[in-house]
Amino acid sequence: RFSTTNFQGQDYVYLTDTSSFFRYKWDGSQLTLDTSWGPAVYTKAGQIGGGTPTVMGDWIIGNTNGITIPMGVAAVSQLDSNKISTIQLAESMPEGTLSTSAAKPMVDPENNRAYMCPFNQGFCSAIQVSDDGELSLVWQVDMRTQSMNTLIGPPDRRVFVSTNEVSTETNDPTKYNWGPDGANFSEQHQWRDAATGELLAASDFYFPKSIASQTPPGYGGIIYALNNDGHLMAMHPQPAEE
């Protein structure tokens, strides 16, 4: 997968390999490798390239996947590919596990924030991106998800929506699976203050969604769930009863 944008009047395509971002120019009929930009190496030793690069203003935001060290997030300038900032999302990870996400980074250009959720480590993080591309951790909460995340609401009241998986059979997330008797884990939706990570609302637990599925918003605050048992659910958070 790749991302496209128009930057300073030029149409570009961004994509990644196992370690670097690349950029191609589009002139309306053909793609040409932009040799003036990149390859931008955004991984560290012990990491490999992650999901689709995400455009946020003047920056390309991407994640790494952690093999021997935890995964991280990187910001690369569209103006100068030598300007790269990175942040590692944890100090360590359990031996014998990986630090990965099924989703690419979700970004909020109006608030200069990016969001990332390493599944095996069981948390979600909000990362602030400064005007000069420096990355800093805003919040981190326990929340294990294999879904794409979504943001709803106006910029000053942004809400982060994703899912949280829990198993009654195993504490090892690599052993979460669907067997002949059904899934050995269940899943809920959570609504959090995107600026602070505070939990605002949570659904009941239900049959889990497909890996890397969307968390699509609907009209009037509805959030849909595409469950792996073939059911479509629509959820609408309500004010708490006094």
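See the structure above.
Report on the accompanying structure.

Rules behind the numbers
Residues numbered from 1 in each chain as written. Predicted model: local features only at pLDDT ≥ 70, side-chain atom pairs only at ≥ 80, totals over all residues. Heavy atoms only, no water. Pairing = 2+ DSSP bridges. Helix = DSSP H or I, 4+ residues; strand = E, 2+ residues; numbered from the N terminus. Disulfide = S-S within 2.5 Å. Buried < 20%, exposed > 50% of the residue type's maximum accessible area, 1.4 Å probe, protein only. Phe/Tyr/Trp six-rings, centres within 6.5 Å; stacked < 30°, edge-to-face > 60°. Lys NZ or Arg CZ within 6 Å of the ring centre and 35° of its normal. Salt bridge = Lys/Arg side-chain N within 4 Å of Asp/Glu carboxyl O.

Note that strand E1 (residues 3-7) and strand E2 (residues 10-16) share five bridges and pair antiparallel. For Thr 4, the partnering residue across the bridge sits in E2 and is Val 13. Between E1 and E2, which pair antiparallel one after the other, the connecting turn spans two residues, and Gln 8 there sits at a positive phi close to 55°. The hairpin turn running from E2 into strand E3 (residues 20-26), its antiparallel successor, is three residues long.

The next thing to look at is the state of the cysteines. In the structure shown here, the tally under the stated rule is one disulfide. Disulfide pairing is shown between Cys 117 and Cys 124; the S-S distance is 2.2 Å. Negative torsions about the S-S bond denote left-handed disulfides, and the value of about 115° found for Cys 117 with Cys 124 makes this one right-handed. Each member of the pair, Cys 117 together with Cys 124, is buried.

To continue, consider the packing of aromatic side chains. Scanning all chains against the criterion turns up eight aromatic pairs. Ring centres of Trp 139 and Phe 160 lie 5.7 Å apart, and the angle between their planes is 80°; this geometry places the pair in the edge-to-face category. With Trp 139 in strand E14 (residues 135-142) and Phe 160 in strand E16 (residues 159-167), this residue pair connects regions lying 21 residues apart in the sequence. Members of the aromatic cluster, each reached through a chain of ring pairs, are Tyr 12, Tyr 14 and Trp 37. When the ring centre of Tyr 12 is taken as origin, the NZ or CZ atom of Arg 23, which lies over that ring, is 3.8 Å away. The ring of Phe 119 carries the charged tip of Arg 144 above its face, separated from the ring centre by 5.8 Å.

Now for unusual backbone geometry. Cis geometry marks the peptide bond from Gly 38 to Pro 39; its omega dihedral reads 0°. Although it is not a glycine, Gln 8 sits at a positive phi angle of roughly 55°. Assessed through its relative accessible area of 64%, Gln 8 is described here as exposed. With a phi angle near 65°, Ala 212 is a residue other than glycine that sits in the positive phi range. Looking at the secondary structure, you find Ala 212 in the loop between strand E20 (199-202) and strand E21 (223-226). Classification of Ala 212 by relative accessible area gives partly exposed; the value is 30%.

What follows concerns the pattern of salt bridges. Within this structure, the stated rule accounts for four salt bridges. We note a salt bridge from Asp 108 to Arg 158, for which the minimum N-O separation is 2.9 Å. Of this pair, Asp 108 sits in strand E11 (residues 106-108) while Arg 158 sits in the loop between strand E15 (150-152) and E16, and the two are 50 residues apart along the sequence. The two residues Asp 108 and Arg 158 agree in class, both being buried. Glu 110 is the partner of Arg 158 in a salt bridge, and the nearest nitrogen-oxygen pair spans 2.7 Å. Taken as a pair, Arg 158 in the loop between E15 and E16 and Glu 110 in the loop between E11 and strand E12 (113-116) lie far apart in primary sequence, 48 residues in all. Ionic contacts of the salt-bridge type, sharing partners, join the residues Asp 108, Glu 110 and Arg 158 into one network.

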